[in-house]
Amino acid sequence: MELPEIQRRKTRSVTVGGVRIGGGAPVSVQSMTTTPTSDVRATLEQIEALAAAGCDIVRVAAATEADTAALGQIVAEAPVPIVADVHFRFRRALEAIAAGVHKIRLNPGNIADRQSVRAVIDAAAEAGIPIRVGVNEGSVMDRIDPARRAEQSARPMDELMVETIGEYLEVFAEADFHDLVLSAKSHDAMTTVAVNRALSERFDYPLHLGLTHAGTARTGLVRSVAALGALLAEGIGDTVRISLAGDPVVEAEVAKELLASLRLRQREGVEIIACPTCGRTQADVATLAEEVRKALSDVKRHVVVAVMGCIVNGPGEAEGADAAVCCGKAKAAIYRRGKYVRTVAEDEIVEALTTEVRMLLKE
Ligand code: SF4
């Protein structure tokens, strides 16, 4: 029986370069470079690695004039649309727009005044590019007035973030600018769920989902997937970023896996299924699975490959896989579409399995 599909919430559609966000478009994957943007070569290298990992849109920091001076070349050579991330200095946004970026990420709360925000809106309208209005929990608290800060601290964070975005949007409404994506990020999974539910009820702009300073690889990954998975399963969210400390390519890979797991995006390439191993395990399943993944990393079509630790339960568990190996003691049985093919020695497993997959791909 077919499982029901996730019913996506209806949102407006915006276009970032060639990528559509919202309006029923597939949920897109975003990430952010960690290189100094002014280092054009290093930044382009990272953008290319992100694009190869399945990232649809890449954000770069536009912190200095040297950064925005580099944007023209980055935009021209990048294989995916580029978003300029602007904080505090609205002139960086104007320079980035002039350099041809495909979208601006702005936190109006840290831009000095409404006129400056209005100048960015007018320039974006003129260039025909969208703006993401993003707040995070740190930026919604008053940093100057301690009485106001105490009052804010007593309120639920999700409520405060939605209210703040509502206030920020006034200047965009005055300018009749609706080419917007909204985001509200917290480090806390449940706050992220609550704030995005509230945003999706109040606004029909597409939502960019993510956590802020989510944490190291393990905690950040669990928090992000918990929050984003819950929201996406409810049909909330049009574009995602998994924020992890470290290599941004991992962010893109995790986001792709999350979207494919929820059947919001089609899988591409090899999907490895590996058994969790137990007392019956006869081989180093984790190493084998990784070796098979690497050997087939060039495959673009979706193929399911199973690496199982025994021949007792392995064949049954791997039945739905396109190709499988079930390991015995110093040897292993190779299967294709559930049918036994042959037995090979331990050191021949990777080659035998990859040969089966490549033969399948020719069918
Ligand atoms: S497939 Fe075999 S080795 Fe792997 S977890 Fe199941 S019973 Fe254990």
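Calculation notes
Per chain, residues are indexed from 1 in the order of the written sequence. Side-chain atom pairs in this predicted model are given and counted only at pLDDT of 80 or more, local residue features only at pLDDT of at least 70, and totals for whole chains, interfaces and linings cover all residues. For the side-chain quantities, the full set of heavy atoms in the structure was used; hydrogens and water were omitted. For two strands to be treated as a pair, DSSP must find no fewer than two bridges joining them. Runs of H or I in DSSP of at least four residues are treated as helices and runs of E of at least two as strands, each being numbered from the N terminus. Lines fitted to C-alpha atoms define the axes, with helix axes restricted to the stretch in contact, and inter-axis angles between N-to-C directions lie between 0 and 180 degrees. Residues are treated as being in contact if the distance between any of their heavy atoms lies within 4.5 Å. Start and end points for every domain follow an automatic or database-based domain assignment. The pairing test for Phe, Tyr and Trp rings, Trp by its six-membered ring, is centres within 6.5 Å, and the orientation test on the planes gives stacked under 30 degrees, edge-to-face over 60, and tilted for anything in between. The cut-offs for exposure are 20% and 50% of the maximum accessible area for each residue type, with area from a 1.4 Å probe on protein chains only; residues under the lower value are buried, those over the upper are exposed, and the others partly exposed. Counting of polar contacts relies on pairs of N or O atoms within 3.5 Å, with two restrictions inside protein: one atom must be capable of donating a hydrogen and the other of accepting it, and residues adjacent in sequence are counted only when both atoms are side-chain atoms. For this classification, under 35 degrees means roughly parallel, over 145 means roughly antiparallel, 65 to 115 means roughly perpendicular, and everything else is oblique. For a crossing to be left-handed, the near helix must be turned anticlockwise from the far one by less than a right angle; the clockwise case is right-handed. Any residue that is not Ala, Val, Leu, Ile, Met, Phe, Trp, Tyr, Cys, Pro, Asp, Glu, Lys or Arg is counted as polar, Gly included; the first ten are nonpolar and the last four charged. Patch membership needs two things, relative accessible area over 30% and no salt bridge, and members are linked within 9 Å if like-charged or within 5 Å if nonpolar (Val, Leu, Ile, Met, Phe, Trp, Tyr). The Shrake-Rupley method, run with a 1.4 Å probe, gives the accessible areas here. Residue values count only the displayed protein chains as cover. Salt bridges are defined as contacts in which a side-chain nitrogen from Lys or Arg sits within 4 Å of a carboxyl oxygen from Asp or Glu. Charge assignment in this entry is limited to Lys and Arg as positive and Asp and Glu as negative, and neither His nor the chain termini are counted. By convention, charge coordinates are those of NZ in Lys, CZ in Arg, CG in Asp, or CD in Glu. A cavity here means a set of 1 Å grid points, computed over protein atoms only, where a 1.4 Å probe fits but cannot escape. A pocket is an open set with protein on both sides within 12 Å along at least 5 of 7 lines, and lining residues have an atom within 4 Å of a point. Grid points are joined across faces, edges and corners, and a volume is the space filled by probe spheres set on the points.

Time to look at the sheet that holds strand E15 (residues 339-345). Spatially, the 5 strands line up as an open sheet ordered E11-E12-E13-E14-E15, and their pairing is mixed. Each of the sheet's edge strands pairs with one partner strand only, and the pair in question is strand E11 (270-274) and E15. Strand-to-strand, the axes of this sheet are offset by a mean angle of 20°, without reference to chain direction. Bridge count for strand E12 (residues 303-308) against strand E13 (residues 323-327) is 4 bridges, and the pairing is parallel. Paired with Val-307 across the two strands is Val-325, which belongs to E13. In this fold helix H10 (residues 285-295) packs onto E11, E12 and E13, with an angle of close to 155° to the strand it touches most, E12.

Here the protein chain is partitioned into domain 1 (13-261) and domain 2 (270-362). Between the C-alpha centres of domain 1 and domain 2 there is a distance of 40 Å.

A word on the packing of aromatic side chains. Applying the stated rule across the entire model yields 2 aromatic pairs. Ring plane angle 75° and centroid distance 5.9 Å describe the contact between Tyr-335 and Tyr-340, whose orientation is recorded as edge-to-face. Given the relative accessible area of 14%, Tyr-335 is considered buried. A relative accessible area of 48% means that Tyr-340 is categorised as partly exposed.

Below, the discussion takes up the side chain of Arg-241. Along the polypeptide, Arg-241 turns up in strand E10 (residues 239-241). Since its relative accessible area comes to 13%, Arg-241 is described here as buried. At 3.1 Å, the side chain of Arg-241 forms a polar contact with the side chain of Glu-251. Not counting chain neighbours up to four residues away, the residues in contact with Arg-241 comprise Gln-30, Ser-31, Met-32, Arg-59, Lys-185, His-208, Leu-209, Gly-210, Leu-211, Leu-228 and Glu-251.

Quick look at the packing of H10 against helix H12 (residues 349-362) now. Two elements in contact, H10 and H12, have axes separated by 10 Å at closest approach and are oriented at 45°. Relative to H12, the element H10 lies oblique. Of the two possible hands of crossing, H10 and H12 adopt the one that is right-handed. Taken together, the residues of H12 that come into contact with H10 (itself represented by Leu-288, Glu-291, Val-292 and Ala-295) are Ile-349, Val-350, Leu-353, Thr-354 and Arg-358. Class assignment for the residues of the contact of H10 with H12 results in 6 nonpolar, 1 polar and 2 charged.

All right, on to a negative patch on the surface then. A contiguous patch of negative charge on the surface is contributed by Glu-346, Asp-347, Glu-348 and Glu-351. Mapped onto the fold, Glu-348 is located in the loop between E15 and H12.

We now examine the pattern of salt bridges. One pass over the structure, following the stated rule, counts 24 salt bridges. Between Arg-336 and Glu-363 there is a salt bridge, with its nearest N and O atoms 2.6 Å apart. One end of the pair, Arg-336, is in strand E14 (residues 331-336); the other, Glu-363, is in the segment after H12, and 27 residues separate them in sequence.

This next bit is on the environment of Leu-209. Examined against the element boundaries, Leu-209 turns out to sit in strand E9 (residues 208-209). Sequence spacing of Leu-209 and Val-307 is 98 residues, and the spatial spacing of their C-alpha atoms is 33 Å.

Here we take up the layout of surface pockets. Over the atoms, a rolling probe the size of a water molecule traces out where space has been left empty. In this structure, the largest pocket encloses a volume near 910 Å³. Around the largest pocket, the lining comprises 23 residues; the ones closest to its centre are Ala-53, Glu-253, Glu-268, Gly-269 and Val-270. Considering each element in turn, the lining of the largest pocket owes the most residues, 4 residues, to helix H9 (residues 248-261). When its residues are assigned to classes, the lining of the largest pocket shows 8 nonpolar, 4 polar and 11 charged. Each of two domains, domain 1 (13-261) and domain 2 (270-362), supplies a minimum of three residues to the lining of the largest pocket. If you go around the second largest pocket, you meet 27 residues; those closest to its centre are Pro-108, Gly-109, Asn-110, Ser-139 and Tyr-168. Contributions of two or more residues to the lining of the second largest pocket are made by helix H4 (114-127), helix H5 (146-153) and helix H6 (157-174).

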